[in-house]
Amino acid sequence: MRASLLALALLAGSAAAQDPALDKRVAGLAHELRCLVCQNQTLADSNAPLAVDLRNQIREQLQSGASEREVIDFMVARYGDFVLYRPPLKASTLALWLGPFVLLALGALLLVRRLVRRRAPEPQLSEAERARAAKLLE
């Protein structure tokens, strides 16, 4: 049983290594899709078991004749726009695109408010203190 699994794995690995054009297509698609486990890595960068499975699924679909667009459409239909490393700009992904800018503007606004509040009020001098200061400056 173990020997047959090892032989199957070696056969699959050698068959995959024999087609560099397919490897290039798989790698290209893996760089466009997000790892659903890691979330900040592409499928190509991730070593998570799910990422390995998804790369194998991409390979199988491409081997069966599917185009890159069909593979991406399949992944989006199955996992949603989140699987795309660069999601499209539409109503459902607006928060993904505008969120960082809104947070940056909010942070700048809070910083400005805090700096304005920290500004020390100008000291108020009495007439006697003003006269003494004027005498010292003469």
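Just above sits the structure.
**Let's talk about the overall build of the protein chain**
Looking only at helices and strands, the protein chain has 6 helices and 0 strands in total. Along the protein chain, helices (α) and strands (β) appear in the sequence α-α-α-α-α-α when read from the amino end. A separation of at least 24 residues holds for 43% of the contacts in the protein chain among residues at least 6 apart in sequence. For the protein chain, the accessible area works out to roughly 10,700 Å², and carbon and sulfur atoms hold 62% of it.

**Details of helix α4 (residues 68–79)**
Turn by turn, an α-helix covers 3.6 residues, leaving residues three or four places apart pointing in a common direction. Between its first and last C-alpha atoms α4 spans 16 Å; for 12 residues at 1.5 Å apiece the expected length is 16 Å, and the two agree. Every buried residue belonging to α4 is among V71, I72 and M75, and all of these are buried. Looking straight down α4, one finds that the buried residues subtend no more than 95° of arc, so they occupy a single side. Turned more than 90 degrees from where α4 packs its buried face, R69 and A77 sit exposed. Among the structural elements, α2 (20–32) and α3 (49–63) are those in contact with the buried residues of α4. At the exit of α4 stands G80, carrying a positive phi of roughly 85°.

**A look at the nonpolar core**
Judged by nonpolar contacts, the single largest core of 19 residues is most densely connected at L33, L43, I58 and L62. Of all the secondary structure elements, the ones that give two or more residues to this core are α2, α3 and α4. When near neighbours in sequence (up to four residues on either side) are disregarded, L33 contacts T42, L43, I58, M75, V83, L84 and Y85.

**A few points about a nonpolar patch on the surface**
Taken together, L89, L94, L96, W97, L98, F101 and V102 make up a surface patch of nonpolar side chains, about 720 Å² in accessible area. Of the residues examined, L98 reaches a relative accessible area of 43% and is grouped as partly exposed.

**Remarks on the packing of α3 against α4**
Where α3 meets α4, the axes come as close as 10 Å, and the angle between the chain directions of the two elements is 135°. The orientation of α3 relative to α4 falls into the category oblique. The two elements α3 and α4 cross, and the hand of that crossing is right-handed. Residue-level inspection shows L54, Q57, I58, Q61 and L62 of α3 in contact with α4, the latter providing E68, V71, F74, M75, R78 and Y79. Of the residues in the contact of α3 with α4, the class split is 7 nonpolar, 2 polar and 2 charged.

**A few points about the pattern of salt bridges**
In the structure shown here, the tally under the stated rule is 4 salt bridges. When the shortest N-O distance is used, the salt bridge between E68 and R25 registers 2.7 Å. Remark: R25 occurs in helix α2 and E68 occurs in helix α4; sequence separation between them is 43 residues. Residue classification places E68 among the partly exposed positions, given a relative accessible area of 32%.

Rules used throughout
Residues numbered from 1 in each chain as written. Predicted model: local features only at pLDDT ≥ 70, side-chain atom pairs only at ≥ 80, totals over all residues. Heavy atoms only, no water. Helix = DSSP H or I, 4+ residues; strand = E, 2+ residues; numbered from the N terminus. Contact = heavy atoms within 4.5 Å. Areas by Shrake-Rupley, 256 points an atom, 1.4 Å probe, with all protein chains shown as cover. Expected span 1.5 Å × (residues − 1). Buried < 20%, exposed > 50% of the residue type's maximum accessible area, 1.4 Å probe, protein only. Arc of directions from axis to C-beta. Core = buried A, V, L, I, M, F, W, Y, C linked by side-chain atoms within 4.5 Å. Patch = residues over 30% accessible without salt bridge, like charges linked within 9 Å, V, L, I, M, F, W, Y side chains within 5 Å. Salt bridge = Lys/Arg side-chain N within 4 Å of Asp/Glu carboxyl O. Axes fitted to C-alpha atoms, helices over the stretch in contact; angles between N-to-C directions. Parallel < 35°, antiparallel > 145°, perpendicular 65-115°, else oblique. Left-handed = near helix turned anticlockwise from the far one by under 90°. Nonpolar A, V, L, I, M, F, W, Y, C, P; charged D, E, K, R; others polar.

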